Structure formats: C-alpha cells, structure tokens
Amino acid sequence: MSRATETSIFTEMTELAHRTGAVNLGQGVPDLDSPPALLHDVSAAVLAGHNQYPPAAGLPALREAVAAHQRARYGLEYAPDGEVLVTTGATEALAAACLALTGPGDEIVTFDPCYDAYPADAALSGAKLVTAPLAVEGDGFALDADALRAAVTGRTRLLLLNSPHNPTGKVFTEAELRTVAEIAVEHDLTVVTDEVYEHLVYDGARHVPIATLPGMRERTLVVSSAGKTFNVTGWKVGWVCGPAELVTAVASVKQWLTYASGTPYQAGIARMLGAVEDWAADLRGTLTANRDLLAAGLAEAGLSPCRAEAGYFIQADIRPWGFTEGLRFCRELPALAGVVAIPTSAFRQGTDPAPWLVRFSFCRRPEALRDAVKRLAALGGREGARTGLTERTAPPPR
C-alpha cells in the first residue's frame, strides 16, 4: 500500500477515542464557536438560493476580499482576477500546487516534522519528498539552515513551507525566513506556503509571509483558508494567491479535482474577512488561555510541555513518565488515562531525533481540557506511569 493511501494516524486515534470514550486531544478540530454574523450570512445565502456552482476561480466577492486582506495585513498586492483562486480548503490548494508544478523525477523539499498531507501530495504527483529536519532546541524548534541547503538538489522544484507550523507550533522568525528565501532564490525554487494558522499566533510572535521578502512574491504561492480562523473546518473554503502564471497552473489541476464548491460558504466568508482582525484577536485570547491551561496540566501530570507559539497544538516530552516512544504511548493512553494524543513521529519522514514527543490539541472547550488534564494528573500520580507503563501493559489492539 502506498503512503498516499494508508489509513492516517488521525483516523486510528479518532477510532480509539470513540472506542474508549477518551477526551480527544489528537485532531485539530476546533470545539469552539464560530462568528454569529458569519453563520447568519451563510444561512441567508442558502435561503436566498445561492446553492449552485460558483465560478471555477471562486466567487468574485471572496477573491476581492482575499486580495483586500493580503493588502491590508501584509502589504501584498494580488489581482482578484488571475492572482487569487478559491479552493476546497487549503488541502486542495496544496495538492493542486504539487500536481501542477511537479512530476516524476522532481523533488519537493519541506521541513521535518511536517503535516501528513505533504508526503501524500508528493506521492500523488510522482515527486520525491525530501525533508530538512528542524532543530530541536530547548523547549522549541529552529531552522537548521545547513540541513535545508543539503536537502536542495538539482532536481528540487518546490519548497513547501508551513509557518505557523504544524505539528510543532513554531513560527519561523523573519531572520529564518530570509535564509529560506536566499536558498529559494539561489536555486530558482517555487515556494508554496501553508499559512492556515496565520491569525493564531501568540505571545507577541509575528507571522511574516515569505512572499513579503525581496525576490519572493514572484516565486511564491500563498495558501490559507477560513477553517482555522473562523472555526469552520467543515466548510472547506481555502485560497491560493500568487503570480498569475503559477495560479493558472494550480487552477488547471483544481478544475479536475472539485471544479468548484461551497457557494454559500464563500459568500459568507467574503463578508467576514473584512472583520477578521477583531474576531481573531478574541479567538487568540481564548486559545492562549486554553494553551496555558493544557501546558500547566501537562506539567502538573509530570510531562514536559514545549513552547507553542501558534496554532492548535502543544508538544510534550513523555520521558518523565518512562516512555521513549510516542506511538506506543499514544496507542495506550486512551485506555489508560482516557485521553487521545498524536505521536509527533507520525509527522516525521526521516530519522526522528525526538521520538518521545507527542502532540496534544488545545482547540477544545475549557471544560474538556480540564477533564483531560485531571485524567492525566491521576495517571501521572501513579508510580507505574513514572517507571514506564509499557513495561507492564499489553499494547491495545490495532
């Protein structure tokens, strides 16, 4: 079975959560409210009969709103006609970009660990995914410039950059991005950026789109979506912005994937993007409080939380409990503690320098997080947890 058609770790862990009744802190599905005005506008669009195919490039109003958002927030100018394409979520945008711009014999470079759609996209296009590991530094992650340079070869066509980063919660600094940009320009690479967590950055960290750096707009496709920003992941409305020739290439593939989708959702999001800053500020406050609640609970349970600068997730070091392998820890944890997490190793493509890291999600309601940390604390207080529960516990059925 190819990597692109394997059952994902998310499916496995979600099924474990259902079987055991565990609190699911694995998948990044927000259990948080959406903007009431957005829900009203979508409902009105449905009732008004806006339920047929939108234009293949997306509703003009949404393309105009995306262009206005990029201009106001980042100073990036994109023409709504030709340089903005609406997609069925960021997932489709990334897949269409890989299919449009690479093929057999080509290489795609990304950072390790990486979101699990990236190796699948490379496999679908016939390209080889080459990873540059992020350096594990203290309680966080950093660019390893030498590793990135070593990953780029004469066959590299695409550099896939995810910042804010999943699964680590890292925000690439401007200095790091300048290094990435230098390498991309030197090797004439097209850069595809996954920026779906662009509005969910905490503690004064700043998201800098690499397209804003010198020499990068003309070689960069910027991908984002409404799902994470507005807690509407089920709507699957995303977009890609970039030079017309690159966007046209993506559109040529996208037309054979979904053609177009989500007409009433596109209409509602077009209106909501203009008010995103106030909404996102409130959402960041909620998620920051959730992150701090979970981090404190993990520490109290005896685990070691890492720094989470953005997104939905926090990494934790499970070695204080005597575990050294995240996958087995996560397969056992639902039955042992009633909590689901995702092993960071599931996002690794190369050698894993930190197999003891696991990923917990904090995009849940506070009561669910309090329940989860209470369960973890109860297990962490047992002597067995600190000496390696795997030594006396049979692994759960797979």
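Conventions used here
Residues numbered from 1 in each chain as written. Predicted model: local features only at pLDDT ≥ 70, side-chain atom pairs only at ≥ 80, totals over all residues. Heavy atoms only, no water. Helix = DSSP H or I, 4+ residues; strand = E, 2+ residues; numbered from the N terminus. Contact = heavy atoms within 4.5 Å. Areas by Shrake-Rupley, 256 points an atom, 1.4 Å probe, with all protein chains shown as cover. Lys, Arg positive; Asp, Glu negative; His and termini not counted. Charge placed at Lys NZ, Arg CZ, Asp CG, Glu CD. 1 Å grid on protein atoms, 1.4 Å probe; cavity = no way out; pocket = protein on both sides within 12 Å on 5 of 7 lines; lining within 4 Å. Points joined across faces, edges and corners; volume = space filled by probe spheres on them. Nonpolar A, V, L, I, M, F, W, Y, C, P; charged D, E, K, R; others polar. Pairing = 2+ DSSP bridges. Axes fitted to C-alpha atoms, helices over the stretch in contact; angles between N-to-C directions. Salt bridge = Lys/Arg side-chain N within 4 Å of Asp/Glu carboxyl O. Buried < 20%, exposed > 50% of the residue type's maximum accessible area, 1.4 Å probe, protein only.

A.B. asks: In this structure, what is going on with the overall build of the protein? I would like to understand it.
C.D. replies: Helix and strand counts for the protein come out as 14 helices and 15 strands. Taking the principal axes of its C-alpha atoms as reference, the protein extends roughly 65 × 55 × 40 Å. The contacts in the protein between residues at least 6 apart in sequence include a share of 77% that link residues at least 24 apart. When the accessible surface of the protein is split by element, carbon and sulfur atoms take 52% of a total near 15600 Å². Across the protein, the centroid of the 35 positively charged side chains sits 4 Å from that of the 45 negatively charged ones.

A.B. asks: I keep staring at the layout of surface pockets and nothing clicks. Help me out?
C.D. replies: To find the voids left in a structure, one rolls a probe of water-molecule size over its atoms. Of the voids in this model, the largest pocket is the one considered here, and its volume is about 500 Å³. Those elements that provide at least two residues to the lining of the largest pocket are α4 (89-101) and α8 (227-230). Element by element, the count of residues in the lining of the largest pocket is highest for α4, at four residues. Classifying every residue of the lining of the largest pocket by side-chain character gives 13 nonpolar, nine polar and four charged.

A.B. asks: Explanation requested: empty space enclosed by the protein in the structure shown.
C.D. replies: Across all of its chains, the model carries four cavities of 30 Å³ or more by this definition. Gly140, Phe141, Thr168, Gly169, Lys170, Arg307 and Glu309 together form the lining of the largest cavity. A per-class count over the lining of the largest cavity returns one nonpolar, three polar and three charged.

A.B. asks: Explain the sheet that holds strand β11 (residues 304-305) to me, please; I cannot follow it from the model alone.
C.D. replies: Hydrogen bonding along the main chain pairs the strands of a sheet, whether they run parallel or antiparallel. Strands sit in the order β11-β12-β15-β14 across an open sheet of four strands; the sheet is antiparallel. Looking at strand neighbours, the two that pair on one side only are β11 and β14 (342-343), the edges of this open sheet. Pairing between β14 and strand β15 (residues 357-361): two bridges, direction antiparallel. Each residue of the ladder has a partner; that of Pro343, found in β15, is Val358. Packed on one face of the sheet, helix α11 (residues 276-300) meets β11, β12 (313-317) and β15 and runs near 10 degrees to β12.

A.B. asks: I'm lost on the pattern of salt bridges in this one. Help?
C.D. replies: When their charged atoms lie close together, side chains carrying opposite charge are able to pair. Here the structure, examined in full by the defined rule, presents 24 salt bridges. Of the charged contacts, one joins Arg63 and Asp81 as a salt bridge, the two residues approaching to 2.7 Å between their closest N and O atoms. One end of the pair, Arg63, is in helix α3 (residues 60-74); the other, Asp81, is in the loop between α3 and β2 (84-87), and 18 residues separate them in sequence. Asp81 gets classed as exposed once you look at its relative accessible area, which sits at 63%. When salt bridges with common partners are traced through the structure, they connect Asp31, Asp33, Arg364 and Arg365 into a single cluster.

A.B. asks: Got a minute to help me understand the sheet that holds strand β4 (residues 128-133) in this structure?
C.D. replies: The strand order across the open sheet built from seven strands is β2-β10-β9-β8-β7-β3-β4, with neighbouring strands paired in mixed fashion. Every other strand in the sheet has two partners, leaving β2 and β4 as the edge strands with one partner each. Direction aside, neighbouring strands of the sheet carry axes that sit 20 degrees apart on average. Sheet topology note: the strand β3 (residues 107-112)/strand β7 (residues 156-162) ladder contains four bridges and is parallel. Among the inter-strand pairings, Val109 is bridged to a residue of β7, identified as Leu159.

A.B. asks: Teacher, can you tell me more about the environment of His187 here?
C.D. replies: Mapped onto the secondary structure, His187 falls in the loop between α7 (174-186) and β8 (190-194). Residue class for His187 comes out partly exposed when judged on its relative accessible area of 34%. Remark: the alpha-carbon pair of His187 and Thr153, spanning 34 residues in sequence, is separated by 8.5 Å.

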